[in-house]
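Report on the structure
Residues per chain are reported as follows:
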Amino acid sequence: MFSFEQLKKSLLVSLWFAFLTFPLLVIKVDPIERTVLWRWENMAFVAIGSFLISLLVHVFYKQQERRRVRRAAGGIVESEPLIQVILKEPKYLYPMSIAVLLCSLVFPHLFSTYQTNILITALMYVMLGLGLNIVVGLAGLLDLGYVAFYAVGAYSYALLNYHFDVSFWIALPIGALLAAMFGVLLGFPVLRLRGDYLAIVTLGFGEIIRLILENWNEFSQGPSGISNISRPGFFGMELSLDSAILYLYYIMIAMVVFTIFVVNRLQDSRIGRAWVALREDEIACQAMGIDKRKTKLTAFALGATWAGMVGVIFAAKTTFINPASFTFLESAIILCIVVLGGMGSIFGVIVGALVLILLPEYLRALSDYRMLAFGAVLVTMMIFRPQGVVANIRRSYQFKPKPESEGR
Amino acid sequence: MSRPVLQVDKLSMEFGGIRAMCELDLEVHKGQIVALIGPNGAGKTTFFNCVTGIYRPTGGNVFLNPPNGAKPIRLNGLKPNQVTEKGMARTFQNIRLFQKMTVLENVMIGRHCRTSSYIFGAVFRTRSTLREERETVEKSHLILQKVGLANAVNELAENLPYGAQRRLEIARALATEPFLLLLDEPAAGMNPQETQELDELINRIRDEGHSILLIEHDMKLVMSLSDKIYVVDYGRKIAEGSPREVSSDPAVIKAYLGEDIDA
């Protein structure tokens, strides 16, 4: 079952882990009593645990290797995973989506306000993920400063509301537009950059926006932030807290549906194909007559638009914002959502957002270990399924035998 | 004779102090297949890159004369996508397909510069966008039939066998509706059977009214296809003429085989 080689390697791994965790988990110094507690049992746990995990990983690799060999020999026909079949076939996909939509519509009436609140947050990240997916997943531009546009949206509503009492519904398009403008602003200097260099510049851009918000007191009230932002009004009516949350939840559902609709139509369009081509090969893309500048700027602007909209919603939801909400960690989480879910795949990003946002919420019971578990999930995912939970599938076209026949 | 479709005047390219190409003249006439040959590192691909706008040449001029009699177009300083829009498309020496896209989508990308729908049209699926999409799919499919890839439309480009990838590159370039096609070593790495098919394909493309400029190392292919051959070495033109003239030119023999010791 296990080869000697595998056992040996796993043993080494477990020894190494036992050694690494020794100072932290085994020795416990009590400075008051001046005693040292040796907790050898911890070492045993670590050793056994890492041994088993390492063994599992080795077995998994071996199996994959075997599969690859067999596939190369043409022995097995890869059967498509169930999820891909469902996503491909409209006759499964439409009923599924309607069912999911109905479930989400009745959700707040079945569960507590607390649960609804969490789900609102998760839905916000779904939108952010889908927005970043345009930039990273489709156009292949690694953007580490995505949170800047989120901040632009949030602050544009907060400031407009604070100074001019602008309502949520008017601020929503304004925030989106401002974020798009910032997207273009960032896009211009990075047109020539790719990969790592692009990542660094966008990272810097994100930090610049945050630092400006933190230090320009006259403009943004600095670290103390802006409070008392109004919640979205329902035809001029003041809503109680509970119904305001309910209202926001339905707004979010509508926004997510709208986002999915738009992104879905974009990705199989002329411009969507141009983005993917840009991701695949920039030089060939230009040689095929695609204007690199325009395509890149559109991607940045559109991605930023979504972040701007979610920013406005965020400000309206929390009624208080300060620069601490827009740190690099936010960008990293949104990027994780896209990468973990599956680059370029709408369904993947939705799953990614729900998992990454809901998991830490419900893992609160594990308190101290929740971030550890979170990290472990990320690492295992990247090892076992680097293409994400749901890989992107390209649209296929059917042709009838006759050449004159219509496409699709 | 009418104006050449492609007219290159004293084109030079320097990288720092290195002269990769020195005052090269070249003409391609309508319906011709012209080959550019020379030993490795002679500057052939540099020539392609200068003409198509990937490099900015340091001297000389490139003119494109559309066969429909429109005004000559000066290509210097244009970006690659603008050059393609003017009617000149190219393939690459090391295959540069969009690997994670399907075969059909690769060709559809070629139609990008001949279509115009944008975000609004894509989101609202306006009538003109739908018509454009349908046309794009149909035309791309026709081109794929022409190069013999119609049964692989939904395959990912990376899964195609090597020879098919080469043909897909040609199909993609054809989709941009060029009157001049630049092929950079289309037969590289092909077996004799595939090369034979390629020979037929290139001839067919020419018969449809495209002019072709190609770089190629396979001498058999070059000799059977070309109407005219230019030979370059160390960035300079050392010979030009019909296949027969070139193959008996002493300078060419010297460049390819080295100098005779006794001479």
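What you are looking at is a predicted structure, and each value in this text was computed from that prediction instead of being measured. Residue numbers restart at each chain and count upward from 1, following the sequence in its written direction. Following the order in which they are written, the chains are lettered starting with A and the ligands numbered starting with 1. Given that this is a predicted model, residues contribute local features only at a pLDDT of at least 70 and side-chain atom pairs are listed and counted only at 80 or more, while totals for whole chains, interfaces and linings are drawn from all residues. Remark: hydrogens and water are excluded; side-chain values derive from all non-hydrogen atoms of the structure.

A word on the overall build of chain B
Of regular secondary structure, chain B possesses 10 helices and 10 strands. Only the C-alpha atoms count toward the radius of gyration. The rule for a globule is 2.2 Å times the residue count to the power 0.38. Its C-alpha atoms give chain B a radius of gyration of 19 Å, near enough to 18 Å, the size a compact globule of 263 residues would have. Remark: exposure states derive from per-residue accessible area (1.4 Å probe, protein chains only) relative to the maximum for the residue type, with buried under 20%, exposed over 50%, and partly exposed in between. Evaluated residue by residue, chain B yields a buried proportion of 54% over its 263 residues. Surface exposure here means Shrake-Rupley accessible area, sampled with a 1.4 Å probe, where a residue is shielded only by the protein chains that are shown. Total accessible area computed for chain B in this model is approximately 11,600 Å², and 49% of it derives from carbon and sulfur atoms. Positive and negative side-chain charges in chain B, numbering 32 and 33 respectively, have mean positions lying 8 Å apart. Put simply, DSSP marks the helices as runs of H or I at least four residues long and the strands as runs of E at least two long, and each gets a number from the N terminus on. Positive residues here are Lys and Arg, negative ones are Asp and Glu, while His and the chain termini are left out of the count. Charged side chains are reduced to one point each, which is NZ for Lys, CZ for Arg, CG for Asp and CD for Glu.

A word on the overall build of chain A
In terms of regular secondary structure, chain A is built from 16 helices and 2 strands. In chain A, buried positions account for 45% of the 408 residues. In chain A, the share of contacts with a sequence separation of at least 24, taken over all contacts with a separation of at least 6, comes to 73%. Per element, the accessible surface of chain A, about 21,500 Å² overall, is 69% carbon and sulfur. Charge centroids of chain A, computed over 34 positive and 26 negative side chains, lie 9 Å from each other. Residues are treated as being in contact if the distance between any of their heavy atoms lies within 4.5 Å.

Digging into the domain arrangement of chain A
Much of the literature gives interface size as the accessible area that the parts lose upon coming together. Residue ranges assigned to each domain were obtained from an automatic or database domain assignment. Here chain A is described as being made up of domain 1 (4–72) and domain 2 (111–384). The straight-line distance from the C-alpha centre of domain 1 of chain A to that of domain 2 of chain A is 38 Å.

Points about the side chain of Glu330 of chain A
Residues and elements named next belong to chain A. Structurally, Glu330 can be placed in helix H14 (residues 328–341). Summary of buried charges: Glu330 has no salt-bridge partner, and the nearest side chain of opposite charge, Lys317, is 11 Å away. The contacts of Glu330, once residues within four sequence positions are left out, are Tyr125, Val147, Tyr150 and Ser325. Counted as salt bridges are all cases of a side-chain nitrogen of Lys or Arg within 4 Å of a carboxyl oxygen of Asp or Glu.

So, the interface of chain B and chain A
Listed by partner, the interface residues are 44 residues for chain B and 39 residues for chain A. Buried area is calculated as the accessible area (1.4 Å probe) missing from two parts once they are joined, with the contributions of both summed. Together, the buried faces of chain B and chain A total about 3,800 Å²; carbon and sulfur atoms form 62% of this surface. Across the contact surface, chain B and chain A share 2 salt bridges. The salt bridge partner of Asp281 of chain A is Arg96 of chain B, with a shortest N-O separation of 2.7 Å. The term polar contact refers here to a pair of N or O atoms within 3.5 Å; inside protein, the definition further demands a hydrogen-donor-capable atom paired with an acceptor-capable atom, and it admits residues adjacent in sequence only when both atoms are side-chain atoms. Summed over the shared surface of chain B and chain A, the result is 12 residue pairs in polar contact (both at pLDDT 80 or more). For the side of chain B that touches chain A, the secondary structure elements donating two or more residues are helix H2 (80–86), helix H3 (103–110), helix H4 (119–124), helix H5 (127–147) and helix H6 (162–174) of chain B. When residues in the side of chain B that touches chain A are grouped by element, the largest group, 8 residues, is from H5 of chain B.

Topic: the sheet that holds strand S7 (residues 180–184) of chain B
Adjacent strands of a sheet pair through backbone hydrogen bonds, lying either parallel or antiparallel. All names here are of chain B. Spatially, the 6 strands line up as an open sheet ordered S6-S7-S8-S3-S9-S10, and their pairing is mixed. The two strands at the open ends of the sheet, each matched to only one other strand, are strand S6 (88–90) and strand S10 (236–241). In this sheet, neighbouring strand axes are inclined to one another by 15 degrees on average, regardless of whether the strands run parallel or antiparallel. Here 5 bridges tie strand S9 (residues 228–233) to S10, and the two strands are oriented antiparallel to one another. Bridging from a neighbouring strand, Asp233 pairs with Arg236 of S10. Axis angles are defined between N-to-C directions and span 0 to 180 degrees, where every axis is a line fitted to C-alpha atoms and, for a helix, only to the segment in contact. Packing against the sheet, helix H1 (residues 44–51) makes contact with strand S3 (33–37), S6, S7, strand S8 (211–215) and S9, and its axis sits at approximately 140 degrees to S8. Strands are treated as partners if at least two bridges between them are detected by DSSP.

Focus on the packing of helix H15 (residues 346–362) of chain A against helix H16 (residues 370–384) of chain A
Residue and element names in this part refer to chain A. Direction vectors running N to C along H15 and H16 enclose 150 degrees, while the axes themselves pass 9 Å from each other. What the angle tells us is that H15 and H16 run roughly antiparallel. As for how H15 packs across H16, the hand of that crossing is right-handed. Contacts from Leu356, Leu359, Pro360 and Glu361 of H15 reach H16 at Arg370, Phe374, Val377 and Leu378. Residues are grouped as follows: Ala, Val, Leu, Ile, Met, Phe, Trp, Tyr, Cys and Pro are nonpolar; Asp, Glu, Lys and Arg are charged; every other residue, Gly included, is polar. Along the lines of polarity and charge, the residues of the contact of H15 with H16 split into 6 nonpolar, no polar and 2 charged. The labels follow the angle: roughly parallel below 35 degrees, roughly antiparallel above 145, roughly perpendicular from 65 to 115, and oblique for the rest. Left-handed describes a crossing whose near helix is turned anticlockwise from the far helix through less than a right angle; right-handed describes the clockwise counterpart.

As for the nonpolar core
Residues and elements named next belong to chain A. The biggest cluster of nonpolar side chains holds 107 residues, and the ones touching the most others in it are Tyr150 and Trp275. If one sorts the elements of this core by residue count, helix H5 (residues 113–138) sits on top with 16 residues. Residue contacts for Tyr150: discarding those within four places in its chain leaves Met124, Leu128, Ala307, Val310, Gly311, Phe314, Phe326 and Glu330. As used in this record, nonpolar core signifies buried Ala, Val, Leu, Ile, Met, Phe, Trp, Tyr and Cys residues forming a set joined through side-chain atoms within 4.5 Å.

Overview of the state of the cysteines
When two cysteine sulfur atoms are found within 2.5 Å, that pair is recorded as a disulfide. According to the stated counting rule, one finds 0 disulfides over all chains in the structure shown. With no disulfide partner, Cys285 of chain A has as its closest neighbouring cysteine sulfur the one in Cys113 of chain B, 11 Å distant. Judged by its relative accessible area of 0%, Cys285 of chain A is buried.

Brief notes about empty space enclosed by the protein
Residues and elements named next belong to chain B. A 1.4 Å probe that fits but cannot get out identifies a cavity on a 1 Å grid over protein atoms alone, an open set with protein on both sides within 12 Å along at least five of seven lines counts as a pocket, and a residue lines either if it has an atom within 4 Å of a point. Grid points are joined across faces, edges and corners, and a volume is the space filled by probe spheres set on the points. Under the counting rule described, the total for this entry stands at 4 cavities of 30 Å³ or more. Roughly 50 Å³ of internal volume is contained in the largest cavity. Sort the elements by how many residues they give to the lining of the largest cavity and H5 lands first, with 3 residues. Of the residues assigned to the lining of the largest cavity, the class counts are 2 nonpolar, 4 polar and 5 charged. Here the second largest cavity is characterised by a volume of approximately 40 Å³. Gly163, Arg167, Met190, Glu194, Glu197 and Leu198 together form the lining of the second largest cavity.

Observations regarding the pattern of salt bridges
Following the criterion strictly, the structure yields 18 salt bridges over all chains and no others. Close ionic contact of Asp227 of chain B with Arg206 of chain B constitutes a salt bridge, the shortest N to O distance being 3.0 Å. Within this pair, whereas Asp227 of chain B is found in the loop between helix H8 (219–225) and S9, its partner Arg206 of chain B is found in helix H7 (residues 192–207), the two being separated by 21 residues in sequence. Each of the salt bridges in this network shares a partner with another, and the network as a whole consists of Glu207, Arg210 and Glu214 of chain A.

As for the confidence of the model for chain A
Residues shown with low pLDDT carry predicted positions that ought not to be read at fine detail. What pLDDT expresses is the predictor's confidence in each residue, scored from 0 to 100. Put simply, chain A has an average pLDDT of 86, and 95% of its residues get 70 or more. In this model residues 403–408 of chain A is a low-confidence stretch, pLDDT under 50, and it forms 14 contacts with partners more than four residues away in sequence or in other chains.

A closer look at the sheet that holds strand S2 (residues 18–28) of chain B
Residue and element names in this part refer to chain B. The strand order across the open sheet built from 4 strands is S2-S1-S4-S5, with neighbouring strands paired in antiparallel fashion. Only two strands of the sheet have a single neighbouring strand rather than two, namely S2 and strand S5 (73–74). Packing of H1 onto the sheet brings it into contact with strand S1 (6–15), S2 and strand S4 (59–64), and relative to S1 it is tilted by some 110 degrees.

Quick word on the environment of Leu359 of chain A
Residue and element names in this part refer to chain A. Within the secondary structure, Leu359 is located in helix H15. Separated by 174 residues in sequence, Leu359 and Leu185 have C-alpha atoms that sit 35 Å apart. Leave out the neighbours within four places in its chain, and Leu359 touches Leu354 and Val377.

Topic: a positive patch on the surface
All names here are of chain A. Patch criteria: residues need more than 30% relative accessible area and no salt bridge. Like-charged residues are merged within 9 Å; nonpolar side chains of Val, Leu, Ile, Met, Phe, Trp and Tyr are merged within 5 Å. Where like charges cluster on the molecular surface, the positive patch consists of Lys8, Lys9, Lys62, Arg66, Arg67 and Arg70. Secondary-structure elements contributing two or more residues to the positive patch are helix H1 (4–26) and helix H2 (40–72). It is H2 that contributes the most residues to the positive patch, 4 residues altogether. Its location among the elements puts Arg66 in helix H2.

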